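# Analysis of the macromolecular model
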Amino acid sequence: RGVETTQEPVRIVGLSATLPNYGDVAAFLRVDPDKGLFFFDNSYRPVPLQQQYVGVTEKRALQRFRIQNEVCYEKVVQQQKMANQVLIFVHSRAECAKTAKALRDMAVDKDETRLFVRADSATREILQEELPNVKANDLRDVLPYGFATHHAGMTRGDRELVEDLFADHHVRVLVSTATLAWGVNLPAHSVIIKGTQIYNPKKGRWQELSPLDVMQMLGRAGRPQYDSEGEGIIITAHSELQYYLSLMNLQLPVESQLIKTLADHLNAEIVLGAVQTIKEAVEWIGYSFLYVRMLRNPALYGISDEALRTDPLLRRRRLDLVHSAACVLEKSSLVCYDRRSGSLQSTSLGRVASHYYITHESMNIYNLHLKPTMTDIELLRLFSLSGEFRHITVREEEKLELYKLAGRVPIPVKESTDEPSAKINVLLQAYISSLDLEGFALSADMTFVQQSAARIMRALFEISLRRGWSHLTKLTLSFSIMVQVRVWRSQSPMRQFRTVPEIISRKLERKDIEWSRYFDLKPQDLGELVGVPKMGRTLHKLVHQFPRLELSATVQPITRSMLRVELTLVADFEFDVKIHDFTQLFWILVEDVDGEILLHHEAFLLKSSVAEEEHLLTFTVPILDPLSPHYFIRILSDKWLHSHAVMPISFRHLVLPAKFPPPTELLDLQPMQITSLQNKALSNIYFRRSYREFNPIQTQSFTELFRTDHNVLICAPSGSGKTVCGELAILNFLSTMKEGLCVYVVPNDELADQIYEQWMLDFGSINQQVVKLTGESGPDLKLMGGGARIIVSTVKQWDALSRRWKQRRAVKNVVLFIADELHFLGGEEGPTYEVVISRMRFMAAQLQKKIRMVGLSSSLANAREIGEWMGVHPKGLFNFSPKVRPIPLEIYLQSFDMQNFSSRLLAMGKPVYNAVVRHGGVAKPVMVFVPSQRQAQLTAIDLMTFSETFGTQSFVTNNRSNEEFADVTKAFQEPTLRQVVPVGVGFVHDGMSVQDYESVMTLYREEKIRILIAPQTLCYKLDTTASLVIIMSTESYDGKERRYVDHPIASMLHMMGKACRPLVDKSGKCVILCHTPKKEHLKKLLYEPLPIESHLDHYLHNHINSEIVTRTITSMQDAVDYITWTLLYRRLTKNPNYYALAGHSHTQLSEHISEMIETVLADLIESKCCFMDDDFAIGPLNLGMIAAYYYTQYTTIEVIASSVRAKMKVRGIIEILSAASEFSTLLPVRHQEEKYLKIIAKKLPNQLPQTALYHDPNTKANILLQSHFSRMPLSSDLRSDQILVLGESLRLIQAIVDVISSNGWLKPALAAMELSQMVVQGLWNKDNILLQIPHFTKDIVARCEAYKGKGPIESVFDILSLEDDVRNDLLQLPDRKMVDVAFFCNNYPNVEVTFEVKEEDDVISGESVQVVVRLEREADDDDYNDEEDKESWPPGKVCSSRFSHTKMEGWWIIIGNSTTNTLLSIKRVGLEKMQQTTLEFIAPEAGDHNLTLFCMSDSYLGCDQEYQVSLSVAAGDDSDSNGDGSSDSDDGNV
């Protein structure tokens, strides 16, 4: 069934002893009877088997044992006379020794020992020689006589010795348990099975050997190649003779035993997800051996001939069986069984039962009798009532020993020892106490009890954990560990180290010292404590290897009912893999003040590789009403007793946030018609989208948006049409204002791209130009001044552009500012978003002009404060409830208990398919969001497999032609897409090619495929919607923290908002699959308005620095005033504890802000970004100006400034670049990516140090940069990461150049410029520059180097100068690729540089020197005659096949002295056709100087130019002037 379900071929090979109904087994295994079935009866045995059956009529046990020994000895002697070895099977370890000794005694009594070992033989000497090596006393007694024993209780050395001696014929008679038959291939001529009864502790009685055991034992009779026949002798009770005769002569068919445990197996399938309805359960039974036997032998299974005739496939009988099993499971609370629909859904109890292999009877008992306040006595009594022990009875001969044991165990047993439950209780305690037992049956019972105890106690622990019972959770976990380590809680924790002697443990237990004090003792103290000074050092080492965690926590109230806890964990012990294995599991429990209720629990896995690091966990807990004085955070080890830590969280000074105001009520208004815009051109925008009227939210806010110029804040669920609300404000702006700009800001590029493409069409139709900012200041200012009135920008782009608003007229010209997705204020982009909005409000106040603010957001709990901050009047505030949607959204939450993330995803596969089938409707589109790119592929394959298995063709839509579809499928580059798209399933991810991405999206938009799967990180890029959205797991791996973290709540809301198709569906559906502990938290966040808090206090440094550079902040008071414009200032008083503020008085607020500002300024001053003089005036320094101009973090500039050296080369600059703080936040590190990075790192030219951390994003950035220069192939994930790194690198390299220039160093500056060229072209500076031409390989370059023409081919211009036929012969490229080569070569910069030194004859030392440099691009006149060509590829646009970002050429003009490594002056310019700039520097000391003028490209290798500048400097009046270099960053991109 698994093969058919997963479509993964698994070959099944069945091996068995000879069976009478082998055909039934073949049918069960789906074997082809003609090809795959091979049946060999006894006649095919390699050695024919002679069988003897001996029946013993004696009933009394002792007499029966004596008779069996006599018969056995008689048979052994017969075989010894024929010099045959004998293998005797008995059924217990004790019986092995007893039988061997009995046979030896008989041989001695009858003086027949010579039959087993001759006195003069070498065998006797060998046995005597091996005797000292034997550790088992019983074996030592019998071995000299030629007898031996073998069982699992012996040491490995003894067992191997016996096997070798028997194989070499030195041992004639071997007495063994069945272990030898199953585990070791050691044949003998004769096999004797002495007795056929074996004790079954599960049933608590003696029973006959199973047919399989008997066949296996007799299979050892006869040695191939040595014996002509083997002999098997069975000594059994006379009454069982007929059974064994039938058995061995193939008269008893094998029957199914499934019905006995059908309910438990059905529960396991339900938990697995393989069975979810009664119909599927009926199909499941159809795959069983039970079904085969019911068809073959219906009478035995209670099926009449009439029933078989009317129902030949036995569907009714199978339905009765599964219905009965489902009812039993429902009664035990293991499943939820809906009799009407037939659906079967597992419960938490059912999952525990399946995971720990507990029967439904036991689970029913636990469900009825478990109580939250159980004591040790009650817990052990409940354990003894488990269904697993229902067959265990108390035998008469055991009562005395049980009575003695009951007096020695530590926990009292209330029941009489005559009760089976008392026996189980006593045996478990005896096992933990390591007490010795006498009776064999009692030992077997104890083994069975302890094996079950580990499972059962773990199951009870899981049940208690899920029910939130704190006391019982701790108690059951303690007992689980006690069973595992066989140590009581009252005993010394040192007993858990097996190397500590018993006498030392007892001495420690006699000392009245708390365990926590042991960690403070020195080795000498510990040695004196136990009276053995030599043990002091050993004990001290073990004490400090005992698992212990130190914890600290901070709490932040999110709402009045939810508390956010940040828990920091540090391992306070020496992690030793030999003792602790590679991981240690701990349980984190949050208890109420009484320690009765568990408010939160989660598992924490400490890995040996990161044991010394600090670990941060974040979770939320509910705040109980009334407020408790404190909570307790408790950490318990999963494997070690007494390894725990407790931390109280006091609420004495907790100030809860104020109650949030109620949401805006959605009024029952008549929908506003599109014609209400009263402008046909404007109305046509919406008519083209098939809109006829505005939805209720748009209708209610229409007047404020379109007919006034008031500030407005609209908060509504994602998918409610808020973008249209923003458009209404824009239409009002276009209608009423002839001048000014509208800026529309969104958090990320993906949303900006979608809006830009949509508005290009919509507003283009009314002749309004829309532009999207690029992130580069120069081009962006040109765009804003080029006639466009609507600007689309990301938050970071607008932040970078508006920082210098005082000098930029275009920024001052903004009159409408629309901030979309404002709920991102609480996310990663939040601090920057907050600063941008605060700056726009501040700018309006400073300019004394009206800037209309329009905010769009998801539903917010504190929307009123956001509105007040943005200057929104109460009339302009619309904060609708999350439940108010134009198209209702049905949300289904399904939780999964598995702790392991991968197992949880695996378990979600079938529920995703079921959700598609159940909620997706007929041919409705479905979007599935998964945690990662790899999971997108796996889920697509799973859906395809399930679809084919269950015959579902609902994924395939009808509006497609097979021929067209086949062509599209063949064009896919991803092999997985070729498999899944034909069945209607597609997936996209960041790493796939643009062609594949566009093809899949086109198929989905045209509804040719029905299911689209995407990683959650792609949710903003997708511009489509669906009828059903499935969020498969709400967590993803964070490589920086090396743990799984929750998806940002903003992303969750955006994904949910995709389940909305206006004008198509009447409702949307969203299915969220999550981890069980996260369920309640998700409910609160998704069903209630979202509370937004500011995070600006953690990211103030860069923003304060930028304001210092623009002179907005020139004093401490200015900095405090700056804070008052932010949302942070307003939230400080509303939720003070969230910001570590003790209260909300004016004094506390002032002190907190002052301290915050002082800390930030101190950090900036320390990093040399700004200064503060004696009068407390604040001003910028060069590093701060560079950081603000290039939009880099102050920590990055600090690293650059402290790392650069005068003689640094490219390798060092790569290391500085990759250490930038930007990569720490930007670059993701995926699960198990470290090993791939290690493999790549070994192949890099610049090897990383041995101490490199491969989970560090900065290390990854270094690897990706070097692999880019080496042009190494990468996986799609790493390729997408590499694109991110390259996009950030150019800006950072320019900052590095400026920092180096500030130091006046020439060579490292040139090296940094070369690095910029390497980044753009994907080459090392030592590589042949021809390799930057598209499609050029090393082979082509080798042919060019070997060319013997008029001149060598060394540059791009040499390729252009070749004759066509010569060039074609050299390159050997098809025409399509030759077009790319020609395009690159024609765009390769051919720049003529001229320069002039002003007043060259009058240069005086210490005075200013000016050099005018003119750059002119040489291009054919007809290259840009066509304006369309000029727009598509303007002059100066960089052509590179290895750099996917759009880039314009930049040139550094430098004057320096190569001899002294001095950089005198530098400027960076852009170049289209012609550019002129002036370099100015201080003339060096008097004399003749040979300076060098460098013209360095930032994009192309091989086009740099340098010219000698001879300068004669005359002595001045004051020749003390130095020649410091100057950096003019602010004039960059002229």
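Calculation notes
- Residue numbering note: each chain is counted from 1, following its sequence as written.
- Local features in this predicted model are restricted to residues whose pLDDT is 70 or higher, and side-chain atom pairs enter the listing and the counts only when it is 80 or higher, whereas totals over whole chains, interfaces and linings include all residues.
- Excluding hydrogens and water, the side-chain figures rest on all heavy atoms present in the structure.
- In this description a helix means any DSSP run of H or I spanning at least four residues, a strand means any run of E spanning at least two, and both kinds are numbered starting from the N terminus.
- We call a residue buried when its accessible area falls under 20% of the maximum for its residue type, exposed when it is over 50%, and partly exposed in between, using a 1.4 Å probe and counting protein chains only.
- It only takes one pair of heavy atoms within 4.5 Å for two residues to be counted as in contact.
- Only the protein chains shown count as covering a residue, and every accessible area follows the Shrake-Rupley method with a 1.4 Å probe.
- In this tally, Asp and Glu contribute negative charge and Lys and Arg positive charge; neither His nor the terminal groups of the chain are included.
- Any carboxyl oxygen of Asp or Glu within 4 Å of a side-chain nitrogen of Lys or Arg constitutes a salt bridge here.
- We treat two strands as partners when DSSP finds at least two bridges between them.
- For every element, the axis is a line fit to its C-alpha atoms; helices are fit only across the contacting stretch, and the angle between N-to-C directions ranges from 0 to 180 degrees.
- Any pair of N or O atoms that falls within 3.5 Å is considered a polar contact. Within protein, one atom must be able to donate a hydrogen and the other to accept it, and sequence-neighbouring residues count only if both atoms are side-chain atoms.
- In this scheme, roughly parallel covers angles under 35 degrees and roughly antiparallel covers those over 145, while 65 to 115 is roughly perpendicular and the rest are oblique.
- Helix crossings get a hand from a simple test, with the near helix turned counterclockwise from the far one by less than a right angle marking a left-handed crossing and a clockwise turn marking a right-handed one.
- Amino acid classes used here: Ala, Val, Leu, Ile, Met, Phe, Trp, Tyr, Cys and Pro are nonpolar; Asp, Glu, Lys and Arg are charged; the rest, including Gly, are polar.
- The term nonpolar core refers to a set of buried residues drawn from Ala, Val, Leu, Ile, Met, Phe, Trp, Tyr and Cys, joined through side-chain atoms within 4.5 Å.
- A residue counts toward a patch only above 30% relative accessible area and without a salt bridge, and it is joined to like-charged neighbours within 9 Å or, for Val, Leu, Ile, Met, Phe, Trp and Tyr, to nonpolar neighbours within 5 Å.
- Disulfides are defined as cysteine sulfur pairs within 2.5 Å.
- To locate a charge, the coordinates of NZ of Lys, CZ of Arg, CG of Asp or CD of Glu are taken.
- Pairing of aromatic rings covers Phe, Tyr and Trp, the last counted by its six-membered ring, and requires centre-to-centre distances within 6.5 Å; plane angles under 30 degrees mean stacked, over 60 mean edge-to-face, and any other angle means tilted.
- Multiplying 1.5 Å by the residue count of a helix minus one yields the expected span of that helix.
- By arc we mean the arc of the directions from the helix axis to the C-beta atoms, nothing more.

## Overview of the overall build of the protein chain
- Within the protein chain one finds 59 helices and 42 strands.
- The principal-axis extent of the C-alpha atoms belonging to the protein chain is close to 130 × 80 × 80 Å.
- In the protein chain, which comprises 1534 residues, the proportion classed as buried is 53%.
- Pairs at least 24 residues apart make up 71% of the contacts formed inside the protein chain by residues separated by at least 6 positions.
- About 69,900 Å² of surface is accessible on the protein chain, with carbon and sulfur atoms providing 50% of the total.

## Considering the side chain of Glu-829
- Tracing the backbone through its elements, the reader meets Glu-829 in the loop between strand S22 (814-819) and helix H34 (830-847).
- An unpaired buried charge is present at Glu-829: no salt bridge exists, and Lys-796, the closest side chain of opposite charge, is 4.4 Å distant.
- In this structure, Glu-829 is in contact with Pro-747, Lys-796 and Phe-824, ignoring residues within four places of it in sequence.

## Overview of the sheet that holds strand S35 (residues 1391-1397)
- The strand order across the open sheet built from three strands is S35-S36-S39, with neighbouring strands paired in antiparallel fashion. Of all the strands in the sheet, the pair left with one neighbour each is S35 and strand S39 (1474-1482). Adjacent strand axes in the sheet meet at a mean angle of 20° when their direction is disregarded.
- Of the pairings in the sheet, the one linking S35 to strand S36 (residues 1408-1417) comprises seven bridges and is antiparallel in character. Residue Glu-1392 lies in a different strand from S36, and its bridge partner there is Glu-1416.

## A few points about the pattern of salt bridges
- Summed over the entire model, instances satisfying the criterion amount to 54 salt bridges.
- The residue Glu-330 makes a salt bridge to Arg-339 at a minimum N-O spacing of 2.8 Å.
- Taking the shortest distance from any N to any O, the salt bridge between Glu-509 and Arg-495 comes out at 2.4 Å. You can see Glu-509 sitting in helix H23 (residues 502-510) and its partner Arg-495 sitting in the loop between helix H22 (470-485) and H23, a full 14 residues away along the chain.
- What makes Arg-495 buried here is its relative accessible area of 14%.
- Several salt bridges converge on common partners, so that one network encompasses Asp-24, Glu-255, Arg-293 and Arg-296.

## Overview of the side chain of Asp-638
- Topologically, Asp-638 is positioned in the loop between strand S16 (630-637) and strand S17 (644-650).
- Among the residues examined, Asp-638 registers a relative accessible area of 9% and is labelled buried.
- Looking at Asp-638, its side chain comes within polar contact range of the side chain of Arg-458, at 2.5 Å.
- At 2.8 Å, the side chain of Asp-638 and the side chain of Trp-587 are in polar contact.

## Regarding the packing of helix H27 (residues 680-687) against helix H29 (residues 722-736)
- Close contact between H27 and H29 brings their axes to 12 Å; oriented N to C, the two are set at 160°. Comparing their axes, H29 and H27 come out roughly antiparallel. Where H27 crosses over H29, the two elements pack in a sense that is right-handed. Contacts between H27 and H29 pair Leu-682, Ile-685 and Tyr-686 from the former with Val-724, Glu-727, Leu-728, Leu-731 and Ser-735 from the latter.
- For the contact of H27 with H29, the residue count by class is six nonpolar, one polar and one charged.

## Brief notes about the nonpolar core
- Grouped together as the largest cluster of nonpolar side chains are 151 residues, with contacts concentrated most on Leu-677, Phe-763, Trp-798, Phe-817, Ile-866, Val-988 and Ile-1013.
- Among the nonpolar cores identified, the runner-up in size contains 134 residues, and Tyr-1138, Tyr-1190, Val-1438 and Ile-1455 belong to it.

## Topic: a nonpolar patch on the surface
- Taken together, the side chains of Val-3, Val-10 and Ile-12 define a hydrophobic patch exposed on the protein surface, amounting to about 260 Å² of accessible area.
- Following the sequence through the fold, Val-3 ends up in helix H1 (residues 2-6).

## Notes on unusual backbone geometry
- For the bond from Asp-625 to Pro-626, the omega torsion is 5°, close enough to zero to count as cis.
- By the element assignment, Pro-626 lies in the loop between strand S15 (614-622) and S16.
- Look at His-169: it is not a glycine, yet its phi comes out positive at around 70°.
- Positionally, His-169 belongs in the loop between helix H7 (156-167) and strand S4 (173-176).
- Judged by relative accessible area, which is 33%, His-169 ranks as partly exposed.
- One non-glycine residue, Phe-1176, adopts positive backbone phi at about 65°.

## A few points about the state of the cysteines
- Within this structure, the stated rule accounts for zero disulfides.
- Here Cys-1074 stays free of any disulfide, with the sulfur of Cys-1070 as its closest cysteine sulfur at 11 Å.
- Relative accessible area serves as the criterion here: at 0%, Cys-1074 is assigned to the buried category.
- Considering cysteine sulfurs only, Cys-1495 is the nearest to Cys-1503, which forms no disulfide, with 7.9 Å between them.

## So, the pairing of strand S40 (residues 1487-1497)
- With eight of 11 residues buried, S40 is to be regarded as a mostly interior element.
- One ladder, built from six bridges, connects strand S37 (residues 1450-1457) with S40; its direction is antiparallel. Bridge pairing in S40 places Ile-1454 opposite Phe-1494.
- Summarising the sheet, S40 and strand S41 (residues 1505-1513) pair through nine bridges and their orientation is antiparallel. For His-1489, the partnering residue across the bridge sits in S41 and is Leu-1511.

## What to know about a positive patch on the surface
- On the surface, Lys-1207, Lys-1209, Lys-1307 and Lys-1326 cluster together to form a positively charged patch.
- Summarising the element assignment, Lys-1207 is placed in the loop between helix H48 (1194-1203) and helix H49 (1210-1218).

## A word on the packing of aromatic side chains
- Within this structure, the stated rule accounts for 35 aromatic pairs.
- Both rings, one in Phe-702 and one in Phe-706, keep their centres 5.4 Å apart while their planes meet at 35°; by these two values the pair is tilted. Taken together, the residues Phe-702 and Phe-706, both in helix H28 (residues 696-706) and four residues apart, mark about one turn of the helix.
- By relative accessible area, Phe-702 is classed as buried at 0%.
- An angle of 70° between the planes, with centres 4.6 Å apart, marks the rings of Tyr-744 and Trp-759 as edge-to-face. Pair noted here: Tyr-744 is in strand S19 (residues 741-746) and Trp-759 is in helix H30 (residues 749-762), with a separation of 15 residues, a long-range link.

## Some points on H30
- The first and last C-alpha atoms of H30 sit 20 Å apart over 14 residues, in line with the 20 Å expected at 1.5 Å per residue.
- Of all the positions in H30, only Leu-751, Ala-752, Ile-755, Trp-759 and Asp-762 are classed as buried. End-on, the buried residues of H30 take up no more than an arc of 100°, which puts them together on one face. When the buried face of H30 is taken as reference, the exposed residues oriented beyond 90 degrees from it are Glu-757 and Leu-761.
- Looking at the buried side of H30, the elements it contacts are H27, H29, S19, strand S20 (770-772), strand S21 (790-794) and helix H41 (1049-1057).

## Details of the sheet that holds strand S32 (residues 1068-1075)
- One open sheet holds the six strands; their spatial order is S25-S32-S29-S26-S28-S27, and the pairing between them is parallel. A strand with exactly one partner marks an edge of an open sheet, and here the two such strands are strand S25 (889-896) and strand S27 (985-987). The mean inter-strand angle of the sheet, taken between neighbouring strand axes irrespective of direction, is 15°.
- In this sheet, strand S29 (residues 1028-1032) lies alongside strand S26 (residues 926-930) in parallel orientation, the contact comprising four bridges. Among the inter-strand pairings, Met-927 is bridged to a residue of S29, identified as Val-1029.
- Along the sheet, helix H37 (residues 933-949) contacts S26, S27, strand S28 (1011-1015) and S29; its crossing angle with S28, the most-contacted strand, is approximately 155°.
- Here H41 sits on the sheet in contact with S25, S26, S29 and S32, set at roughly 150° to S29.

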